[in-house]
Amino acid sequence: MRGRAKPPQYQLLDHTADLGMAVYGANLKELYSNSAFVMFDLIADTSKVETKHSMVIEVEGNSPEELMVNWLSELLYVLESRSLLLVEFNILDLDNNRLKAEVRGEPYDPARHEFFTEIKAATYHQLKIEKVDDLWKAQIIFDT
Amino acid sequence: MGSQAYEFKRVTDYLWEIPQRGNMRVPGRIYASSALMPHIESDQSTMQVANVAHLPGIIKYSLAMPDIHWGYGFPIGGVAAFGVEEGVISPGGVGYDINCGVRLARTNLRLEEVKGKIKPLIQRLFSTVPCGVGSSGAIRRLTPTELKDVLVKGARWPVENGFGEREDLEHIESYGAMKEANPEKVSPRAIERGLPQVGTLGSGNHFLEIDVVDEIYDEEVAEVFGLFKKQIVVLIHSGSRGLGYQICDDYLKVMLHAVNKYKISLPDRQLSCAPVDSPEGRDYFGAMACAANYAWANRQCIMSLAKGCFEELFRLSPKDLGFHLVYDVCHNIAKIEEHTVDGKRLKVCVHRKGATRAFPPGHPDTPRVYSKVGQPVLIPGDMGDCSFVCVGSEGAMRETFGSTCHGAGRVMSRAKAVKASSGRPIQKELEAKGIYVMAKSKRTLAEEVPEAYKDVVEVVEVMHRAGISPKVARLRPIGGIKG
């Protein structure tokens, strides 16, 4: 499933010390893709990020929830270690235990990309992946 | 998890107890005033205090300070001590930002000498001290071998590399390095995150502030600490950056499996832990100590960079400038300490998450220069508000395993804070109050508006009146830098 045609639906959740989000997707691949996009959207202004750079990311997990945390954690690691802001997430393979994606973005440039919030980690707190009517929903709290 | 309401029993005007019930092994105790209690009751943090009381080997009470608020498993503003033989250690009881802490440096400068130069001083600091996302250090990217040296030596490493003086180490909690640090227990990923960030401030609620000593409450102790009214001081608040977060992340995963292995039943899986005396427990402690040492190295570098800015701007000899470290404390840490419990000396693992050590006069770990009066305790307020210097006491040793609060504590989520401050020119508001702040991110300023925090004055007052950490001085900000 290609990244996004329109900005994904999401809501910010209220948590005193941290930042929470509820993200939606038409299917599971879109859910993981949208979750990644929204996370980067919370970190910086993604509107000016170009997709010059691409890489493949593979993560594993014992459940869809653990997979989600590992996926987002891996992206945070890429952000910090390579200074890469990512905005397109093409989920190539996905099952309950494995995710493989091609991700695209560019190096963080303080002159063009306004920085919003440092996200320290994606946590397990109130982590939920469920089907709500016709949509998949993920609820994730970040430590900020 | 459940949402049973917990009843409170008032012990004193400043202390409430959650009586032991169900599977709680000890009662909960919350230091607070009646003004602060409604905040505390509103965000599930009291339930978290009760949850911590379920953990094996917990001694006396699950404690909470007046700045308590909801956290990951353990509340922020929580203190819990576990016997090293039967008790557990938990990354959630320390926090992601291992050794997030505060350092205070004093100078001989007075307000009237600095007021007119605050803008150039802040501008100089802003361009010298690396802060904000993606910032790398004023120290070049290290090799993994060099970084492992930092992880073992802590603040000693910068001193050996020209950042600060040997005597600084005397004025740091644990003398700037925990000897239990074991770099072999730090993952390659954490190492990689740590390589470019030595000497960086970070962002969020981290800052470097120029303050003036506004009020002295205890003349004798203030004199021993080297503080006087109208004095210009520097307050640095930062932690272990990406390396610390990664270590916490790595070991939360380890502990999730450990609870099954050791058959520990938990009311909340985010309290995941392992016995202190287990391979998992020892590994986490060794890695955690590395992160703590990294944070001390950072604060040592940052302080040294700040000193350089003062020297350049004011053109004073080091002797005349008198820039010296007062003290450096952690507020997210686990320590192995000896405490007297019901008349017996016990070795315990004290978790302080959003809490500060507050050792009394004469304690072997209170620096010799402060031995007569007690350990300095540094309590930062929010961005536009005052901060406090307090002192440790016997009361703290008796009641809270030598611990006290750490700061104001958030009451408003970042999302709400950004909304509440929407359109407001925060930087101008601060300037109107006489505080010149430069921040790498406008959003950070918005998230850190004063109303997002509890009143630090109230928080500190509770611990003062409870006889835990008496007030020594109040500091008022006149400038700062943020990531």
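Look up a bit, the structure's there.
Note that this is a predicted model, so its numbers are computed, not measured. (Residues numbered from 1 in each chain as written. Chains lettered and ligands numbered in written order. Predicted model: local features only at pLDDT ≥ 70, side-chain atom pairs only at ≥ 80, totals over all residues.)

(A) Region of interest: the overall build of chain B. Along its length, chain B carries 16 helices and 19 strands. Judged by the C-alpha coordinates and their principal axes, chain B covers about 65 × 50 × 50 Å. For chain B, with 483 residues in total, the buried portion stands at 61%. A separation of at least 24 residues holds for 78% of the contacts in chain B among residues at least 6 apart in sequence. (Helix = DSSP H or I, 4+ residues; strand = E, 2+ residues; numbered from the N terminus. Buried ≥ 20, exposed ≤ 12 C-beta atoms within 10 Å, placed from the backbone. Contact = placed C-beta atoms within 7 Å.)

(B) Focus on the sheet that holds strand S3 (residues 53-60) of chain A. Residues and elements named next belong to chain A. Spatial ordering of the open sheet is given by S3-S5-S4, a layout of three strands whose pairing is antiparallel. A single partner strand is all that each edge strand has here, and the edge strands are S3 and strand S4 (84-94). When strand polarity is set aside, the average angle formed by the axes of neighbouring strands in this sheet is 25°. Note that S3 and strand S5 (residues 98-107) share eight bridges and pair antiparallel. When the bridges of S5 are listed, valine 56 appears paired with glutamate 102. Its contacts with the sheet put helix H1 (residues 28-43) on S4 and S5, and the angle it makes with S4 is roughly 170°. (Pairing = 2+ DSSP bridges. Axes fitted to C-alpha atoms, helices over the stretch in contact; angles between N-to-C directions.)

(C) Spatial organisation of the interface of chain B and chain A. Every contact between the two is made by 32 residues of chain B and, on the other side, 23 residues of chain A. When contributions to the side of chain B that touches chain A are tallied by element, the ones reaching two or more residues are helix H7 (188-194), helix H9 (241-261), helix H13 (414-420) and helix H15 (442-447) of chain B.

(D) Layout of the pairing of strand S4 (residues 62-69) of chain B. All names here are of chain B. With eight of eight residues buried, S4 is to be regarded as a mostly interior element. Alignment of S4 against strand S5 (residues 76-83), held across three bridges, turns out to be antiparallel. Bridge pairing in S5 places leucine 63 opposite valine 79. Hairpin remark: S4 followed by S5, antiparallel, with six residues in the connecting loop; positive phi at glycine 73, about 80°.

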